[in-house]
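# Observations on the model geometry
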Amino acid sequence: MDQFTLNLLVVGATFALYIGIAIWARAGSTSEFYAAGRGVHPVVNGMATGADWMSAASFISMAGLIAFGGYATSSYLMGWTGGYVLLALLLAPYLRKFGKFTVPEFIGDRFYSPTARLVAVVCLITASITYVIGQMTGVGVAFSRFLELDNTTGLLIGAAIVFAYAVLGGMKGVTYTQVAQYCVLITAYTIPAVFISLQLTGHAIPGIGLFGNDVASGEPLLTRLNQVVTDLGFADYTAQDGTPSSVINMVLFTFSLMIGTAGLPHVIIRFFTVPRVADARWSAGWALVFIALLYLTAPAVGAMARLNLVDTIYPNGVAEEPIEYASRPDWMTNWEKTGLLKFEDKNGDGRIQWYNDANSTFDADVATPRGWKGSELTVNRDIIVLANPEIAQLPGWVLAIVAAGGLAAALSTAAGLLLAISSSVSHDLIKGQLNPGISEKGELLWARISMAVAIGVATYLGLNPPGFAAQTVALAFGLAAASIFPALMMGIFVKRINNKGAVAGMVSGLLFTLVYIFMHKGWFFIAGTNQFPDTIQGSLLGIQSTAIGSIGALVNFVVAYFVSNATEEPPQEIQDLVESIRVPKGAGAAAIDH
Amino acid sequence: MADNSSNNAYWQANLNIIKVCLAIWALVSFGFGILLRPLLKGIPVGGTDLGFWFAQQGSILVFLAIIFFYAWRVNKLDAEHGVEE
């Protein structure tokens, strides 16, 4: 059986499974549509949260980022997992106790302010839409590489699948498909990683293999990796840039990712689906167990792929001649077709010289004497995970599972985001603002209509991605970190915060973050309109725009605190509300609100 | 910046547990993983040092332990104060 048929069979089987679940898990009420009837077991919810959270970026891009960035990229590992500690300790149990359906609903009720709710809706929709574009383009890429379909057809098939289970099943359908998608994506991620770790280090657990000994040379894997990359003029893999400004930026960037993670609405609403407050606490832990399986593996995948790549190009060691272009392995030929891997024979010797030609000392001391005229290989870091099974010469069925895994990661996150958007539109905008008297049936219909519209918008943006798509991830995290997380946390922990303080805090945190990102990335991401370069030295405050969410959150906290203390206390019923969400007792009653 | 207006023993006990958990959370990630890494240079782990291990593996493992400890401890606290569901 050829690779194409194999890919088609495995991907087709997973899609049939998702559709089957969709038909089984139809939603009959708004409670089922928004919160799966609050009957999801905490372990099941944890698994669904894992699939919800781990996007095309986690699955496809992260290991590649680590492979080429080394120690400095640890921010992603700590940031995207550390946020769950904040979620478990500071938000999830209390929001579950509150017992409503959306994040803006909590903000609107706690700060007794439709304005606050509206600001939250705007943040939620902006953050979720920017995030969903990346998922839809990821679906298109995976289809075109593995099923040889053109981008548009692939995207439309993906959209149709999401439509089927998200519109029919709402949160209930999404939850159970996400469980299936988690199983597919984690299998796809770990199988190649385990094989490669066994080949290189003899350890079956990649996270242990990363710190084990390289079988071929007998010295630690990371020692050998540092050796070969520095021998090619690249930065030392494990070294830390110890300059104070760089250390501070790493701390702030990690912190931004953590509070951004804890403030992303599509993750928070997953904790509304469990039966009890105690379950929300356990469920956050289970979510992190399932996420950690991938996140503990990713740094090993990155480091081992980098080493394998160097060894492929320099089979006799970096001091010897690299391989001839004519005898390159098949996987390189395959990826050259996609344009994500490029070779240009600059010195005309028919061999692939790959080194850091931006390093002028190395260029003068090593490259020029060896007759090298520039690095001849360009590798897009996004191919690392997808090409990994081919680089390690694993059988064809592994590659087929990786294709299905990439699609599962993108589809599950897209569905979660679309659900957050549609419930916010139907519940916060239509029921909350435009038509409060709407019947349950009418609201359910609107929830389905807004879901269908959201899928349409996301598909359109996936087909015609705005040029700034890649930049917008910083925006999504910045907004969640600077506006949503502080508002939720203060709503629970600081009783004195009133409506004026909350709105002033959210708006100032939001504006500060938005303006800072625009001043460094260009206004509305239009290239060339930025006032400052987006580097540590050149930036306005010495902080890169990706790390500014931390400062935005601080602005939000400080403004909310001082404005609240300068104005009147919140009314007694709001103070009672805060008291009631602080204790688990009575959560069952709070959940029955219609 | 938590306020003390909720002066009951349950909430205070909960806040104390949260403070300890977050102190450990910050120590392993921002501390061992980034700021204190130079101090851990002398402890070798598989070709690099303990700080690198914390940044790429250890912090995640400790995060897991913190969340499960918190869930266990506070669920017990609920029962002690009779505020469980």
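Computed from a prediction, not measured in an experiment: that's the story for all the values here. (Residues numbered from 1 in each chain as written. Chains lettered and ligands numbered in written order. Predicted model: local features only at pLDDT ≥ 70, side-chain atom pairs only at ≥ 80, totals over all residues. Heavy atoms only, no water.)

All names here are of chain A. In terms of domains, chain A is made up of domain 1 (3-228 + 236-291 + 394-466) and domain 2 (305-390). Every contact between the two is made by 23 residues of domain 1 and, on the other side, 20 residues of domain 2. On the domain 1 side of the interface with domain 2, the three residues burying the most area are Ile60, Phe68 and Arg145, jointly 29% of the side's total. Linking domain 1 to domain 2 there are one salt bridge. Asp311 serves as the salt-bridge partner of Arg224, at 2.6 Å between the closest nitrogen and oxygen. At the boundary of domain 1 and domain 2, one finds four residue pairs in polar contact (both at pLDDT 80 or more). (Domains from an automatic or database assignment. Contact = heavy atoms within 4.5 Å. Buried area = accessible area lost by both parts, 1.4 Å probe. Salt bridge = Lys/Arg side-chain N within 4 Å of Asp/Glu carboxyl O. Polar contact = N/O pair within 3.5 Å; in protein donor to acceptor, adjacent residues only side chain to side chain.)

In this section: the environment of Gly405(A). Residues and elements named next belong to chain A. Here Gly405 is to be found in helix 18 (residues 396-434). On the basis of relative accessible area, Gly405 is assigned to the buried category, the value being 0%. Each C-alpha atom, one on Gly405 and one on Val184, is 5.4 Å from the other, the two residues being 221 residues apart in sequence. Non-local contacts of Gly405, meaning those with residues more than four positions away in its chain, are made with Phe59, Val184, Leu185 and Ala188. (Helix = DSSP H or I, 4+ residues; strand = E, 2+ residues; numbered from the N terminus. Buried < 20%, exposed > 50% of the residue type's maximum accessible area, 1.4 Å probe, protein only.)

A few words on the packing of helix 21 (residues 499-521) of chain A against helix 22 (residues 549-566) of chain A. All names here are of chain A. Two elements in contact, helix 21 and helix 22, have axes separated by 7 Å at closest approach and are oriented at 155°. Comparing their axes, helix 22 and helix 21 come out roughly antiparallel. Handedness of the crossing formed by helix 21 with helix 22: right-handed. Here Lys500, Gly501, Ala504, Gly505, Met506, Ser508, Gly509, Phe512 and Thr513 of helix 21 come into contact with helix 22, specifically with Gly549, Ile551, Gly552, Val555, Asn556, Val559, Ala560, Val563 and Ser564. (Axes fitted to C-alpha atoms, helices over the stretch in contact; angles between N-to-C directions. Parallel < 35°, antiparallel > 145°, perpendicular 65-115°, else oblique. Left-handed = near helix turned anticlockwise from the far one by under 90°.)

Before going further, it helps to spend a moment on empty space enclosed by the protein. Residues and elements named next belong to chain A. One pass over the full model with this rule turns up two cavities of 30 Å³ or more. If you trace the largest cavity, you find it lined by Ala188, Tyr189, Pro192, Ala193, Val301, Val385 and Asn388. The set of elements that each furnish at least two residues to the lining of the largest cavity consists of helix 8 (151-201) and helix 17 (383-391). Element by element, the count of residues in the lining of the largest cavity is highest for helix 8, at four residues. Class assignment for the residues of the lining of the largest cavity results in six nonpolar, one polar and no charged. Approximately 30 Å³ is the volume attributed to the second largest cavity. Around the second largest cavity sit Asp52, Met171, Val174, Gln178, His266, Ile269, Arg270, Gly416 and Leu419, which together line it. Contributions of two or more residues to the lining of the second largest cavity are made by helix 8 and helix 18. A per-element tally of the lining of the second largest cavity places helix 8 first, with three residues. (1 Å grid on protein atoms, 1.4 Å probe; cavity = no way out; pocket = protein on both sides within 12 Å on 5 of 7 lines; lining within 4 Å. Points joined across faces, edges and corners; volume = space filled by probe spheres on them. Nonpolar A, V, L, I, M, F, W, Y, C, P; charged D, E, K, R; others polar.)

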